[in-house]
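Architecture at a glance
Chain residues, written in single-letter form:
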Amino acid sequence: DQQVKQNSPSLSVQEGRISILNCDYTNSMFDYFLWYKKYPAEGPTFLISISSIKDKNEDGRFTVFLNKSAKHLSLHIVPSQPGDSAVYFCAASAPYGQNFVFGPGTRLSVLP
Amino acid sequence: ETGVTQTPRHLVMGMTNKKSLKCEQHLGHNAMYWYKQSAKKPLELMFVYNFKEQTENNSVPSRFSPECPNSSHLFLHLHTLQPEDSALYLCASSQDPGSSYNSPLHFGNGTRLTVT
């Protein structure tokens, strides 16, 4: 049973518009959440993270929102650029562990 | 060299071969990891090393044997693999051993392994 779910395998967005990537989790012990971006033939690259004591974290064009009661987080990219086209992974971890649990990924295509 | 470097990038091996994957991190981190990504499956944790000591083995078959001679180097020794072991093997490092909190993983580019 997947503990971290990304229910949209793919998403297409027009350049300049907002991209919203969603992630749901089932384990209420998770307290640290991350987003990674992956280009073909490269390893995942860390983008942004959020701890469970916050509900929002912003870094430039990237904002992550956390809704603990719904066990849901989302990544907003504004404005979207063609270079943002990649696979995005959501990940989560619980206290006192080093097992980052990853979702299956969402492929984002930003169309020029 | 910066970041996390993995060699080789691609590897094809037969089921009776023995090969090794190598990982080196230049970030001064204290924890190193092996992850596996199979087709259409999420990344799966295989092993964790903190300060050269193995702290997690995620029920990985013994045909995968990790080695961590120091905090900067990590190996994955492979022998008598099966075709279903074909996957992308990713090495990662993080700053703080024993805790994932506020210590994100930094990944290498992976080794694409094909077992014939």
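Up top is the structure these notes are about.
Conventions and cut-offs
Along each chain, residues carry numbers from 1 onward, in the same order as the chain's sequence is written. All chains are assigned letters beginning at A, and all ligands numbers beginning at 1, according to the order in which they are written. A pLDDT threshold of at least 70 governs which residues receive local features in this predicted model, and a stricter bar of 80 or more applies before side-chain atom pairs are shown or counted, although totals over entire chains, interfaces and linings include all residues. To obtain the side-chain values, all non-hydrogen atoms of the structure were used and water was disregarded. Strands here are runs of E lasting at least two residues and helices are runs of H or I lasting at least four, both read from the DSSP assignment and numbered beginning at the N terminus. Radius of gyration here is computed from C-alpha atoms only, and the compact-globule reference equals 2.2 Å multiplied by the residue count raised to the power 0.38. Summary of the burial criterion: residues with accessible area below 20% of their type's maximum are buried, those above 50% are exposed, and those between are partly exposed, where the area comes from a 1.4 Å probe applied to protein chains only. Contacts are residue-level and defined by heavy atoms, with any inter-residue pair within 4.5 Å sufficient. By the counting scheme adopted, Arg and Lys are positive, Glu and Asp are negative, and His together with the chain ends is not counted. Charge positions are represented by NZ for Lys, CZ for Arg, CG for Asp and CD for Glu. Pairing between two strands requires that DSSP report at least two bridges joining them. Inter-axis angles, ranging from 0 to 180 degrees, are taken between N-to-C directions of lines fitted to C-alpha atoms, where helices are fitted over the stretch in contact. When the centres of two rings from Phe, Tyr and Trp lie within 6.5 Å, Trp using its six-membered ring, the rings pair. Their planes under 30 degrees apart give stacked, over 60 give edge-to-face, and anything left gives tilted. Each nonpolar core is a collection of buried residues, namely Ala, Val, Leu, Ile, Met, Phe, Trp, Tyr and Cys, held together in the definition by side-chain atoms within 4.5 Å. For this document, the term salt bridge refers to a Lys or Arg side-chain nitrogen within 4 Å of an Asp or Glu carboxyl oxygen. Think of a polar contact as two N or O atoms within 3.5 Å of one another; within protein, one of them needs to be a possible hydrogen donor and the other a possible acceptor, and neighboring residues in sequence only count if both atoms come from side chains. Three categories are distinguished: nonpolar for Ala, Val, Leu, Ile, Met, Phe, Trp, Tyr, Cys and Pro, charged for Asp, Glu, Lys and Arg, and polar for the others, with Gly belonging to the last. Disulfides are defined as pairs of cysteine sulfur atoms found within 2.5 Å of each other.

1. Remarks on the overall build of chain B
Within chain B, the secondary structure is distributed over zero helices and 11 strands. Counted from the first residue to the last, chain B has its helices and strands arranged as β-β-β-β-β-β-β-β-β-β-β. Its C-alpha atoms give chain B a radius of gyration of 13 Å, near enough to 13 Å, the size a compact globule of 116 residues would have. In terms of overall dimensions, chain B has a C-alpha envelope of 40 × 30 × 30 Å along the principal axes. A total of 116 residues make up chain B; the buried ones form 47% of that total. Expressed as a percentage of contacts within chain B between residues at least 6 apart in sequence, the contacts between residues at least 24 apart total 54%. Looking at charge distribution, chain B has the averaged site of its 10 positive side-chain charges lying 9 Å from that of its 9 negative ones.

2. With respect to the sheet that holds strand β1 (residues 4-7) of chain B
The strands making up a sheet associate through hydrogen bonds between their backbones, and the pairing can be parallel or antiparallel. All names here are of chain B. Within the open sheet, the four strands sit side by side as β1-β3-β8-β7. Their pairing is antiparallel. What marks the edges here is a single partner per strand, and that holds for β1 and β7 (64-70). Neighbour-to-neighbour, the strand axes of the sheet open up by a mean angle of 20 degrees, direction not taken into account. As paired strands, β7 and strand β8 (residues 73-79) are joined by five bridges and run antiparallel to one another.

3. Description of the packing of aromatic side chains
Two measures describe an aromatic ring pair: the distance that separates the ring centres and the angle between the ring planes. Residue and element names in this part refer to chain A. On inspection of all chains with the given rule, the structure shows 11 aromatic pairs over all chains. Each ring, one from Y25 and one from F33, has its centre 4.7 Å from the other, and the planes form 40 degrees; the classification is tilted. Like F33, Y25 is buried. Considering the side-chain rings of Y36 and F102, the 5.7 Å spacing of their centres and the 50 degrees angle between planes classify their relative orientation as tilted. With a gap of 66 residues between them, Y36 in strand β4 (residues 32-38) and F102 in strand β10 (residues 101-102) connect regions that are remote in the sequence. Among the residues examined, Y36 registers a relative accessible area of 0% and is labelled buried. Using a relative accessible area of 3% as the deciding quantity, one classes F102 as buried.

4. Comments concerning the nonpolar core
Ranked by size, the top nonpolar core spans 24 residues in total, and within it F33, W35, L73, L75 and Y88 of chain A carry the most contacts. Those elements that place two or more of their residues in this core are β3 (19-25), β4, β5 (45-51), β7 (62-67), β8 (72-77), β9 (86-93) and β11 (106-111) of chain A. Ranked by residue count, the leading element in this core is β9 of chain A, at four residues. Setting aside anything within four residues of it in sequence, one finds L73 of chain A in contact with L21, N22, C23, Y25, F33, W35, V64, F65, L66 and C90 of chain A. Of all hydrophobic cores here, the second largest spans 22 residues; its members include C23, Y49, V60 and L81 of chain B.

5. Side note on the interface of chain A and chain B
Each side of the interface is counted separately: chain A has 24 residues, and chain B has 28 residues. Applying the counting rule to chain A against chain B returns zero salt bridges. At the junction of chain A and chain B, the tally comes to four residue pairs in polar contact (both at pLDDT 80 or more). Among the secondary structure elements, those contributing two or more residues to the side of chain A that touches chain B are β4, β5 and β9 of chain A. The element that contributes the greatest number of residues to the side of chain A that touches chain B is β4 of chain A, accounting for four residues. Here the residues of the side of chain A that touches chain B are counted per class, giving 13 nonpolar, eight polar and three charged.

6. Concerning the state of the cysteines
Enumeration according to the criterion identifies two disulfides over all chains in this entry. For C23 of chain A, the disulfide goes to C90 of chain A, at an S-S distance of 2.0 Å. Handedness of the C23 of chain A-C90 of chain A disulfide follows from its S-S torsion of about -70 degrees: it is left-handed. Of the two residues, C23 of chain A sits in strand β3 while C90 of chain A sits in strand β9, which places them 67 residues apart along the sequence. Under the relative-accessibility criterion, C23 of chain A is labelled buried at 0%. A sulfur-sulfur separation of 1.9 Å characterises the disulfide bridge that pairs C23 of chain B with C91 of chain B. Taking the torsion about the S-S bond as the criterion, the C23 of chain B to C91 of chain B disulfide, at about -75 degrees, is left-handed. Residue C23 of chain B is found in strand β3 (residues 18-25), and its partner C91 of chain B is found in strand β9 (residues 87-94); the two are separated by 68 residues along the sequence. Of the two residues, C23 of chain B and C91 of chain B, both sit in the buried class. In this structure C68 of chain B is not part of a disulfide, and its nearest cysteine sulfur, from C91 of chain B, lies 8.9 Å away. We classify C68 of chain B as buried; its relative accessible area is 10%.

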